[in-house]
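Observations on the three-dimensional arrangement
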Amino acid sequence: MSVLCNVQRKGDYLGKTVQVVPHITNAIQDHIERVAHIPVDDSQEIPDVCIIELGGTVGDIESAPFVEAMRQFQFRVGHENFALIHVSLVPVINGEQKSKPTQAAIRDLRGLGLAPDLIACRCSQRLEEALIDKLTMFCHVGPGQVIGVHDVSSTYHVPLLLRQQKIIEYLTKRLGLGGITVSQRQRSQGEVRWGRWKNLTVSYGPIRLR
């Protein structure tokens, strides 16, 4: 919030009281847009996608300004440029996978003005089809929008798990990424990196994706 303090000291708020809405929420959105345009590799090209992690628990007072900033941000950039993935815990109690915590979290999130495009379910086991069906029914998402992220032998295996469930294809369609021009050189570099990543995961034990 140091940027916000500097703006206040310069008098940009014209002596008005600094409020959570709109001053802090606007500062959060401005910061996101600023860092989203910073190149991240030697190509010096502006990234096509910026991934934002909003930590904490839905409903916590500490994260409330950030949740509200994201609610506003989806309208600032447009629906076609904003996708939300909600990560939720699916506990296993007496051998049964429970969906109620996820249902409650999604209900609270919708009450705050955010509707998830994907629900990533963390679970010690592979998600059962019955649980996926229940989440799609009560959380207002399609079958392909519930992603299972069960325990694997290493976190290095998680990207393989997500790709297996076609998360790239979904986000490509949802954000209209198919129109982005990708040169043959970039495509080749991506394939090499992905191959190196898969080879790296082998040294961390067997990959249990299913």
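What you see is a predicted model; the values in this text were computed from it and never measured.

Procedures and definitions
- Residues numbered from 1 in each chain as written.
- Predicted model: local features only at pLDDT ≥ 70, side-chain atom pairs only at ≥ 80, totals over all residues.
- Heavy atoms only, no water.
- Phe/Tyr/Trp six-rings, centres within 6.5 Å; stacked < 30°, edge-to-face > 60°.
- Helix = DSSP H or I, 4+ residues; strand = E, 2+ residues; numbered from the N terminus.
- Lys NZ or Arg CZ within 6 Å of the ring centre and 35° of its normal.
- Salt bridge = Lys/Arg side-chain N within 4 Å of Asp/Glu carboxyl O.
- Buried < 20%, exposed > 50% of the residue type's maximum accessible area, 1.4 Å probe, protein only.
- Pairing = 2+ DSSP bridges.
- Axes fitted to C-alpha atoms, helices over the stretch in contact; angles between N-to-C directions.
- Right-handed = clockwise from strand over helix to strand, strands pointing away.
- Contact = heavy atoms within 4.5 Å.
- Patch = residues over 30% accessible without salt bridge, like charges linked within 9 Å, V, L, I, M, F, W, Y side chains within 5 Å.
- Areas by Shrake-Rupley, 256 points an atom, 1.4 Å probe, with all protein chains shown as cover.
- Lys, Arg positive; Asp, Glu negative; His and termini not counted.
- Charge placed at Lys NZ, Arg CZ, Asp CG, Glu CD.

**Quick notes on the packing of aromatic side chains**
- Counted under the stated rule, the structure contains two aromatic pairs.
- With centroids separated by 5.6 Å and ring planes inclined at 50°, the aromatic side chains of Tyr-156 and Trp-197 adopt a geometry described as tilted. One end of the pair, Tyr-156, is in the loop between β5 (146-150) and α6 (158-164); the other, Trp-197, is in helix α8 (residues 184-202), and 41 residues separate them in sequence.
- Just above the ring of Trp-194 sits the side chain of Arg-163; from NZ or CZ to the centre is 4.7 Å.

**Topic: the pattern of salt bridges**
- All chains considered together, the criterion is met by six salt bridges.
- The residue Glu-96 makes a salt bridge to Lys-98 at a minimum N-O spacing of 3.2 Å.
- Using a relative accessible area of 43% as the deciding quantity, one classes Glu-96 as partly exposed.
- When its relative accessible area of 29% is taken as the criterion, Lys-98 is described as partly exposed.
- Across the salt bridge formed by Asp-151 and Arg-122, the nearest N and O atoms sit 3.0 Å from each other. Residue Asp-151 is located in the loop between β5 and α6, and its partner Arg-122 is located in strand β4 (residues 118-123); the two are separated by 29 residues in the primary sequence.
- Residue Asp-151 is classed as partly exposed on the basis of its relative accessible area of 32%.
- Salt bridges sharing partners connect three or more residues here, namely Asp-30, Glu-33 and Arg-76.

**A closer look at the sheet that holds strand β1 (residues 85-89)**
- What the three strands build is an open sheet, ordered β1-β4-β5; its pairing is parallel. Sheet topology places β1 and β5 at the edges, where each strand pairs with a single neighbour. Each neighbouring strand pair of the sheet contributes to a mean axis angle of 25°, computed without reference to strand direction.
- Judged from the five bridges that link them, β1 and β4 form a sheet pairing that is parallel. Residue pairing in the sheet places Ile-85 in a bridge with Leu-118 of β4.

**Re the pairing of β5**
- Summarising burial for β5: five of the five residues are buried, a large majority.
- The alternating pattern of β5 places Val-146, Gly-148 and His-150 and Ile-147 and Val-149 on opposite faces, both of which are buried.
- Once you follow β4 into helix α5 (residues 129-138) and on to β5, the crossover reads as right-handed.

**So, the side chain of Thr-25**
- Inspection of the secondary structure assignment puts Thr-25 in helix α2 (residues 20-36).
- Not counting the four nearest positions on each side in its chain, Thr-25 is found in contact with Val-20, Pro-65, Glu-68, Ala-69 and Gln-72.

**Considerations on a negative patch on the surface**
- A grouping of Asp-41, Asp-42, Glu-45 and Asp-48 is seen on the molecular surface, where their side chains present a negatively charged patch.
- Its place among the elements puts Asp-48 in the loop between α2 and α3 (64-77).
- Its relative accessible area of 57% is what places Asp-48 among the exposed residues.

**Overview of unusual backbone geometry**
- The omega torsion across Val-21 and Pro-22 is 15°, close enough to zero to call that bond cis.
- Mapping Pro-22 onto the fold places it in helix α2.
- Non-glycine residue Asn-94 carries a positive phi angle of around 55°.
- Along the chain, the position of Asn-94 falls in the loop between β2 (92-93) and β3 (96-97).
- Judged by its relative accessible area of 81%, Asn-94 is exposed.
- Positive phi outside glycine occurs at His-140, with the angle close to 60°.

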